[in-house]
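The lines below spell out each chain.
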Amino acid sequence: MKLALLSDIHANLQAFDSCLADARARGATQLALLGDLVGYGADPVAVTQRVMALADAGAWVLKGNHDELACHPPEIPSEHALGELTAGWTHAQLSHEQREFLDALPLTHQDGSTLLVHASVDSPEQWHYVKDERGAAASLAAAARTDASVRHVFGGHVHRQTLYYRGSGRGLMQFLPTPGAAIPVPSHRSWLATIGSVGQPRDGRTEAGYALFDRDAERLTFVRVPYDFHAAAKAIRAAGLPDFFADRLSRGE
C-alpha cells in the first residue's frame, strides 16, 4: 500500500488539486485526509465536495479543529483566534449536507499498526499541538495505550513537516526531512510524523506539502508540490476575506 497523507487543506483548491495529482502520479493507492479541510481559504464548497467524493471512493477522512469551527462557529469571533475570523463565513458557504458530513467525521483512524489523527492522539478533541519532542512523546504514549501494536502515527495541525522516532534510548529524537527523500521507518521502532500542510505551509516555503507512506517498504517520503498560490490568494481577496490570509500564502507562513 502507498498511503498519501494530506492535511490542513484549508479550502485551498489550487493546492489540493496539485497535491492530489502529484500523489496519483507517484502511485498512491490509498488517500488519507487528516482534517482542517476548510477554514482560511476561499473554496470551502469545492474542497468539501471533492473530499466527499473521495470519501465515497474509499479515502479515509478525519475532522480537524477548523472543520469543527465551520460547523459550530462562535457567535462573537475572537480577534486573537484567526480561525474564528473565517468560521462564520465558511459556515454560511457550506450546504447543510456538507456541514453534516464535516461534523460527523471521526477524530482518529487506525489501520493495522498505523494510526491517523489531526492533532495529537493525546485527547484528540483538545487539538494539542505536536511541535516538539514532548508533544510527540505524549501522542505516541496515547497511541500505545490505544493499541500497543501501533508503530506509525501521522498527523497534521502544525503545518510543518517533522519526523520523530524513538532510538536506542528512551527519549524521542526529532528529524527534519529533506523533501523527496525516502526515509526508512522500520516497525521495530515507533515513529510519529507531522506531514505538513497542503493549503497553508508555515515553514517559509510556498509549495504545498504532504507525505507518502509506502507501508510495504516501510518508507516515508515528505513531498513539496508547487502550485498557483497567486490564484489562491486572488480567490481569497475576491471572496472578501481578510487580506492577511492571502498575503501569508506568498510568504509560507
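Reference entry: report on the structure contained in this document. Per chain, residues are indexed from 1 in the order of the written sequence. Local features in a predicted model are, by the rule used here, given only for residues with pLDDT of at least 70; side-chain atom pairs are given and counted only at 80 or more, and totals for whole chains, interfaces and linings are based on all residues. Think of the side-chain values as coming from all heavy atoms in the structure, minus any hydrogens and water.

## Side note on the overall build of the chain
Put simply, the rule is: Only runs of H or I of at least four residues qualify as helices and only runs of E of at least two qualify as strands under DSSP, and these elements are numbered from the N terminus. What the globule rule says is 2.2 Å times the number of residues to the power 0.38, and the radius of gyration is computed from C-alpha atoms. Burial classes: relative accessible area under 20% of the type maximum marks a residue as buried, over 50% as exposed, and values in between as partly exposed (1.4 Å probe, protein chains only). Any pair of residues with heavy atoms lying within 4.5 Å of one another is described as a contacting pair.
From N to C terminus, the chain includes eight helices and twelve strands. For 253 residues, the compact-globule estimate of 2.2 N^0.38 gives 18 Å, and the chain sits close to it at 17 Å. For the chain, the spread of C-alpha atoms along the three principal axes comes to 50 × 35 × 35 Å. Counting all 253 residues of the chain, 51% fall into the buried class. Long-range pairs, those at least 24 residues apart, make up 73% of the contacts in the chain with a sequence separation of at least 6.

## Concerning the nonpolar core
We apply this condition: Buried Ala, Val, Leu, Ile, Met, Phe, Trp, Tyr and Cys residues form a nonpolar core when they are joined through side-chain atoms within 4.5 Å.
Judged by nonpolar contacts, the single largest core of 42 residues is most densely connected at Leu-6, Phe-16, Leu-33, Leu-37, Val-51, Leu-102 and Tyr-210. Residue contributions to this core peak at six residues, all from helix H1 (residues 13–25). When near neighbours in sequence (up to four residues on either side) are disregarded, Leu-37 contacts Ile-9, His-10, Ala-11, Val-47, Val-51, Val-61, Leu-62, Asp-67, Leu-102 and Leu-105. Ranked by size, the runner-up nonpolar core spans 19 residues in total, among them Leu-5, Ala-211, Leu-220 and Phe-222.

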